[in-house]
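Summary of the model geometry
Each chain, letter by letter, is given below.
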Amino acid sequence: MPPNLPRVSASVALPKPALQQVFDNLRAAGFTLVGPTVRDGTIVLDEIARLDDLPVGWTDEQEPGRYRLKKTREAQYFNYGVGPHAWKQFLHPSCLRLFSVEKSNGSWVFRPPEEPPPRYAFVGVRACDVAAIGILDRVLLGGEFRDPHYARRRENVFALVVNCARVNPTCFCTSMKTGPRATTGFDLALTELPEIFLVAVGSDAGSEMLRDTPWEAATAFDLGRAARAMQDVERQVERQLKTDDLPRLLYDNLEHPHWDEVATRCLSCANCTLVCPTCFCTTVVDTSDLRGTKGERIRLADSCFNRDFSHVFGGNIRPNIRSRYRQWLSHKLASWIDQFGTSGCVGCGRCITWCPVGIEITEEVNALRGKAAK
Amino acid sequence: MSVASPAMEIRNPADPMLPRPAVIQAIRPEAAGIATYSLAFVDPADRDAYHFRPGQFNMLYLPGVGEVAISLSSDPAESQVLGHTVRYAGNVTRAIGRLKVGDMLGVRGPYGSHWPLEDAVGKNLIIVAGGIGLPPLRPVILSILSQRDAFGRVLLLYGARTPADLLYTREFGRWREAGIEVNISVDVADESWRGKVGVVPQLFYFVRMEHQNTLVLTCGPEIMMRFVIYEALARRIPKNAIYISMERNMKCAVGFCGHCQYGPNFICKQGPVFNYAAIEPFFGKEDF
Ligand SMILES: Cc1cc2nc3c(=O)[nH]c(=O)nc-3n(C[C@H](O)[C@H](O)[C@H](O)COP(=O)(O)OP(=O)(O)OC[C@H]3O[C@@H](n4cnc5c(N)ncnc54)[C@H](O)[C@@H]3O)c2cc1C
Ligand code: SF4
Ligand code: SF4
C-alpha cells in the first residue's frame, strides 16, 4: 500500500466535499455508482454521479403504513432511513433475461445473456442491508446450485456503507443483530459527523478509492464523537422482535386462529415482499416470435402473496390470504433458518412502512406468542 | 470483494437454468391424454454425462411456451434415452401433446431426491400409486426387475379413475412374471372391467404383509397418500418406513424461485421423495 493511502482497518477523517473525489475515483475505476436520491417523494436507489444527487438536507418520517420526506435545517447527506428500494434490485433484478433461444439447423440453441452486467458501487448501504446481501448470498450462491446471474453482479460490488445517523420507529435491527453500525462487509464505511465523515477502511479496494483525497488519520476526538453518536443511535431503536423462541413458535402454531385475524387486514398486495431486501422469489415468462423459431425466457420478481404463486394444475395450494400470510411469515422467521442457516429478516422495517394497512411483522409475532397454544 | 465475506465461490458458476436440446425419439400413448415421450439429448456428451435415480425428475422446456417438471419414468440403467410419461393438463403439457417424433425440446436435470432403493435391498416393498403417480415409480419397478432376488415380496397397489386411465397395462404381465404382485383397482368401472372397484388405499384390505422389514413407497394425489399412510400405520408399518412423493408449483427446480417450498423443504431439493417421518408436521396441513 503506498504511504499516501490508509491501511485496511484504519479510520480516517474526510472533509465532506471530498466524498466527490471518492465518487470520481469509483467511476474512473469503471464502477457504476448507485445510491440514494430523492424521487417521487421518496428516497430511492438509482444511478448517481455527484454529491448533490444525494438527499442532502432531507430526512424521512416512517411509521406503519406511512412514509414522508421532510426538509431539515442541517445539510446532512445521509440523515434518513432505508427507503422502498433495496440493493436486491441491482443484484437480483426484478426483470432479467435468463436466455434466448433460436432454432438453427433443426435444433434449439440456448444462449445465456452475453453482455456483462455493470460493476456496481453501492453508495449508502446500511448495516441491515449489508446483512441482507449476506442472506441473498446464502440463498443464491450457498447451495448445490448457484445463480450465475446473481454471481456475475455480486462478485464485483464495491460497498460504501453508511452507519445510520438516526432511527425510524419501524427499525428493529438491534433485535436481528444486524445494525445500526456495520462491523463487516464494507469497502468503506462512513459515519457522518457535522463537518466530516469518519471513514473506516474495510478493504484494499476501499483504501484505493481514497486516493487524491485530503484524508487524515482520525483523531481520538473524532473517534470518540463517532462512537458516542453510534451509541445514541443504537439506544433510539425501540421496536423489538424477540427471536429466542423462533423458529418453533411458528412451526407449533401453523393452525393458530391468529392467521385468520391477520387475513382480515392483509390485502395480499405483495408490497411487503417487494420492498423486503431478502425476498427472492421469482417466476418466468416465455416469449417467442410469430414463427416460433426464436424466443426468450425472462425471469420476473414474484411474491408468495400472488394468487398464481402456488398454482398447480387443477387447483391452488394457498387459495386464501390466511395461508399466504402464514407462508410469508413462517418462511421469513422460521423455515428460512432451516433452509439457509439464518433468519430471512434483518429488521429493516421496510415491510412495516410500506404495508398499506400498516401490518407490523413484530406485532404479528407478538400476537401469535401472546395467544400461542402451548 | 469485501461484502462477499461469506466463504463462497462465486466466480463463473455453471448455469443450472439453461436447458439442453433433446429430440423426441418415440411417443407411446398410454391412456386418454397421457403419453410417454422417449427423449435423447442431441449432444452425445450430454447423453453420456446424464444419470438419474428412480424418483428424480427433469424440467422439460418448450421455447415460447414454458417449462414443466416431469418425472423420469424409464429404466435408470438405460440413461441414453429418457422416458417421460406426460399427462396433458394445462398450457405446457398440452403443447407437448402437439409435438411429433423428431421434434425438439429443452431438457435439464435430473433434479430432486430419489426413492430409497438401496435401503430396500433385502426388504419387502409396497408400492402404492394413484393415476399419474405411477410414472415416477416405474423406474423403481424396472430396477427391481433387473435384480429381483435382492428384494423380498414386492407388491404394487395401483389405481386409476377408470380402466381406460390405467397406465402401462401391457407391462403388467411381465411384472407379474418377475414376481411382482400387481393389484389394480379403478374408482369407476365399465362393463368390461372384471377387477376391483374402489379407491387405491382400499387395496390394502386385500393384501397381507408383515410390518417389519417392509417399506411403503407412494405417489399420487395428496388425499390418496394421506389414506395410504393411514392404512400403512394401521398395519404397524413405522412412519420412517413410508416414503411419499410430493408436488408443488415449480419454476426453476434448483431452489431459486421459491415456489415449491414446503415448510423447511424445497420440493425440488429435499423432495420430491420424502421420508414421511421427516415431513409429518406439515403433511396434510390445510392450504400449506
Ligand atoms: C416433481 C414433480 C414431478 C412431476 N412428474 C410428472 C409426471 O411424471 N408426469 C406428469 O404428467 N406430470 C408430472 N408433474 C406435474 C406437472 O409438472 C404438471 O402437470 C405441469 O406442470 C402442468 O403444467 P401445464 O403448463 O400443463 O399446466 P398449467 O395449469 O397451465 O400450469 C402452468 C404452470 O404452473 C406450474 N404447474 C402447474 N401444475 C403443476 C404441478 N402439478 N406441479 C408443478 N408445477 C405445476 C408449471 O410451471 C406450469 O407450467 C410433476 C410435478 C412435479 C412437481
Ligand atoms: S421482513 Fe420486513 S423488516 Fe424483515 S428484512 Fe424483510 S422488509 Fe425488512
Ligand atoms: S402484509 Fe401488508 S404489504 Fe404484505 S401483502 Fe399484506 S397488506 Fe400487502
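Residues numbered from 1 in each chain as written. Chains lettered and ligands numbered in written order. Predicted model: local features only at pLDDT ≥ 70, side-chain atom pairs only at ≥ 80, totals over all residues. Heavy atoms only, no water.

**Topic: the overall build of chain A**
Short version of the rule: In DSSP terms, a helix is any run of H or I states spanning at least four residues, a strand is any run of E spanning at least two, and both are numbered starting from the N terminus. Here the globule rule reads 2.2 Å times residues to the power 0.38, and the radius of gyration is calculated from C-alpha atoms. Partly exposed describes any residue whose relative accessible area lies between the buried limit of under 20% and the exposed limit of over 50%, with all areas from a 1.4 Å probe on protein chains only and scaled to the type maximum. In this analysis, two residues are considered to be in contact whenever any of their non-hydrogen atoms come within 4.5 Å of each other. Here the accessible surface of atoms and residues is derived via Shrake-Rupley with a 1.4 Å probe, and residues count as covered only by protein chains that are part of the display. In summary, the charge assignment counts Lys and Arg as positive and Asp and Glu as negative, without counting His or the chain termini. Just so you know, the charge point we use is NZ for Lys, CZ for Arg, CG for Asp and CD for Glu.
When you go through chain A residue by residue, the secondary structure sums to 13 helices and 16 strands. In terms of overall size, chain A behaves like a compact globule, its C-alpha atoms giving a radius of gyration of 22 Å where 374 residues would be expected to give roughly 21 Å. Expressed along its principal axes, the backbone C-alpha trace of chain A runs to roughly 65 × 65 × 40 Å. Classification of the 374 residues of chain A by burial places 59% in the buried group. Long-range contacts, defined here as pairs at least 24 residues apart, represent 71% of the contacts in chain A between residues at least 6 apart. On chain A, roughly 15300 Å² of surface is accessible, and the fraction owed to carbon and sulfur atoms is 50%. Here chain A contributes 46 positively and 44 negatively charged side chains, and the mean placements of these two sets differ by 3 Å.

**Looking at the overall build of chain B**
Scanning chain B for helices and strands turns up seven helices and 15 strands. Viewed in the frame of its principal axes, chain B has a C-alpha envelope of about 60 × 45 × 40 Å. Within chain B, the proportion of its 288 residues that are buried is 60%. Charge centroids of chain B, computed over 29 positive and 27 negative side chains, lie 3 Å from each other.

**A short note on the site of ligand 3**
Threshold: For this purpose, a residue is taken to be near a molecule or strand whenever a single non-hydrogen atom of the residue falls within 4 Å of it. Put simply, Ala, Val, Leu, Ile, Met, Phe, Trp, Tyr, Cys and Pro go in the nonpolar bin, Asp, Glu, Lys and Arg in the charged bin, and everything else, Gly too, in the polar bin.
Taken together, 13 residues form the shell around ligand 3, and within it A:Cys266, A:Leu267, A:Cys269, A:Cys272 and A:Cys355 come nearest. In terms of residue class, the shell around ligand 3 is made up of eleven nonpolar, two polar and no charged.

**Concerning the packing of helix 9 (residues 258-265) of chain A against helix 13 (residues 361-370) of chain A**
For any two helices packed against each other, the geometry is given by the interaxial angle and the distance between the axes. All names here are of chain A. Condition: Only the stretch in contact is used when a helix axis is fitted, and all axes are lines through C-alpha atoms; the angle between N-to-C directions ranges over 0 to 180 degrees. Under this scheme an angle from 65 to 115 degrees is roughly perpendicular, one under 35 degrees roughly parallel, and one over 145 degrees roughly antiparallel; angles in between are oblique. Left-handed describes a crossing whose near helix is turned anticlockwise from the far helix by less than a right angle; the clockwise case is right-handed.
Interaxial distance between helix 9 and helix 13 falls to 10 Å at its minimum, and their mutual angle equals 150 degrees. In terms of orientation, helix 9 lies roughly antiparallel with respect to helix 13. The handedness of the crossing between helix 9 and helix 13 is right-handed. The residues of helix 13 that touch helix 9, namely those facing His258, Trp259, Val262 and Arg265, are Glu364, Ala367 and Leu368. By residue class, the composition of the contact of helix 9 with helix 13 is four nonpolar, one polar and two charged.

**A short note on the interface of chain A and chain B**
Applied cut-off: Summed over both partners, the accessible area (1.4 Å probe) lost when two parts come together is defined as the buried area. For salt bridges, the criterion is a side-chain nitrogen of Lys or Arg within 4 Å of an Asp or Glu carboxyl oxygen. For this analysis, a polar contact is any N or O atom pair within 3.5 Å, provided that within protein one partner can donate a hydrogen and the other can accept it, and provided that sequence-adjacent residues contribute only side-chain to side-chain pairs.
At the interface, 64 residues of chain A touch 53 residues of chain B. Buried area between chain A and chain B, both sides added, is near 5100 Å², and the carbon and sulfur share of it is 62%. Area buried by chain A at its contact with chain B is led by A:Phe145, A:Arg146 and A:Glu155, which between them contribute 13% of it. Applying the counting rule to chain A against chain B returns one salt bridge. Here A:Arg297 ties to B:Glu67 by a salt bridge, and the two come within 2.8 Å at their closest N and O atoms. Our count for the contact surface shared by chain A and chain B stands at 14 residue pairs in polar contact (both at pLDDT 80 or more). Of all elements in the fold, only strand 6 (95-104), strand 7 (107-111), helix 3 (127-141), helix 4 (148-154), strand 13 (282-288), strand 14 (294-301), strand 15 (311-312) and helix 11 (321-340) of chain A reach the threshold of two or more residues within the side of chain A that touches chain B. Here the element with the most residues in the side of chain A that touches chain B is helix 11 of chain A; it accounts for nine residues.

**Overview of the domain arrangement of chain B**
Residue and element names in this part refer to chain B. The cut-off we apply is this: The domain boundaries here were taken from an automatic or database domain assignment.
Along its sequence, chain B is carved into domain 1 (6-111) and domain 2 (117-279). Each side of the interface is counted separately: domain 1 has 27 residues, and domain 2 has 26 residues. Here domain 1 meets domain 2 over a buried area of about 2000 Å², counting both sides, of which 62% is carbon and sulfur. Ranking the residues of domain 1 by area buried against domain 2 places Arg28, Pro54 and Ser73 at the top, with a combined share of 21%. In this assembly, domain 1 and domain 2 are joined by three salt bridges. Here Arg53 ties to Glu118 by a salt bridge, and the two come within 2.4 Å at their closest N and O atoms. Run the count over domain 1 and domain 2 and you get six residue pairs in polar contact (both at pLDDT 80 or more). At the level of elements, strand 1 (20-31), strand 2 (34-41), strand 3 (57-62), strand 4 (66-71), strand 5 (82-87) and strand 6 (104-111) are the ones that each hand at least two residues to the side of domain 1 that touches domain 2.

**Here we look at a nonpolar patch on the surface**
What counts, and what does not: Each patch groups residues whose relative accessible area exceeds 30% and which form no salt bridge, using 9 Å between like charges and 5 Å between nonpolar side chains of Val, Leu, Ile, Met, Phe, Trp and Tyr.
Together, B:Ile223, B:Phe227 and B:Tyr230 give the surface a local cluster of nonpolar side chains, amounting to about 350 Å² of exposed area. Structurally, B:Tyr230 can be placed in helix 6 (residues 222-234).

**Focus on the packing of helix 11 of chain A against helix 13 of chain A**
All names here are of chain A. The N-to-C vectors of helix 11 and helix 13 enclose an angle of 95 degrees; their axes lie 12 Å apart at closest approach. Here helix 11 is positioned roughly perpendicular relative to helix 13, judged by the angle of their axes. Taken together, the residues of helix 13 that come into contact with helix 11 (itself represented by Tyr325, Trp328, Leu329 and Leu333) are Ile361, Glu364 and Val365. Partitioning the contact of helix 11 with helix 13 into residue classes produces six nonpolar, no polar and one charged.

**As for the environment of A:Ala226**
Residues and elements named next belong to chain A. Take Ala226: it is sitting in helix 7 (residues 220-236). In the structure, Ala226 is positioned 95 residues away from Ala131 in sequence and 22 Å away in space, judged by C-alpha atoms. When neighbours within four sequence positions are excluded, Ala226 is seen to be in contact with Thr191, Leu193 and Leu198.

**A word on the pattern of salt bridges**
Opposite charge on two side chains lets them pair, provided their charged atoms get close. The final tally for this structure, using the stated rule, is 38 salt bridges over all chains. Between A:Asp245 and A:Arg369 there is a salt bridge whose closest N-O contact spans 2.7 Å. Of the two residues, A:Asp245 is situated in the loop between helix 7 and helix 8 (248-251) and A:Arg369 in helix 13; the sequence distance between them amounts to 124 residues. Judged by relative accessible area, A:Asp245 falls into the partly exposed class, the value being 23%. Between B:Arg28 and B:Glu30 there is a salt bridge, and its shortest N-O distance comes to 3.0 Å. Given a relative accessible area of 27%, B:Arg28 falls into the partly exposed group. Taken together, the shared-partner salt bridges connect B:Arg28, B:Glu30, B:Arg138, B:Arg170 and B:Glu171 into one network.

**Let's talk about the sheet that holds strand 1 (residues 11-15) of chain A**
Strand pairing in a sheet relies on backbone hydrogen bonds. The paired strands run either parallel or antiparallel. Residues and elements named next belong to chain A. Rule in force here: Only when DSSP finds a minimum of two bridges between them are two strands counted as paired.
The strand order across the open sheet formed by eight strands is 3-2-8-9-10-11-1-12, and the pairing between neighbours is mixed. Edge positions in the sheet fall to strand 3 (42-47) and strand 12 (216-217), since each of these pairs with one other strand and no more. Relative to strand 11 (residues 196-201), strand 10 (residues 188-192) runs antiparallel, the two being bridged by five bridges. Among the inter-strand pairings, Glu192 is bridged to a residue of strand 11, identified as Phe197. Helix-sheet contacts for helix 1 (residues 19-28) involve strand 1, strand 2 (32-39), strand 8 (120-125), strand 9 (158-162), strand 10 and strand 11, and the interaxial angle to strand 9 is about 160 degrees. Strands in contact with helix 7 are strand 1, strand 10 and strand 11; relative to strand 11, the strand with the most contacts, it is inclined by about 90 degrees.

**A closer look at the environment of B:Ala277**
Residues and elements named next belong to chain B. Mapped onto the secondary structure, Ala277 falls in helix 7 (residues 276-279). The exposure class of Ala277 is partly exposed, given its relative accessible area of 36%. Note: C-alpha distance between Ala277 and Pro238 (39 residues apart in sequence) is 8.7 Å. Once residues within four sequence positions are removed from consideration, Ala277 is found in contact with Lys239 and Asn240.

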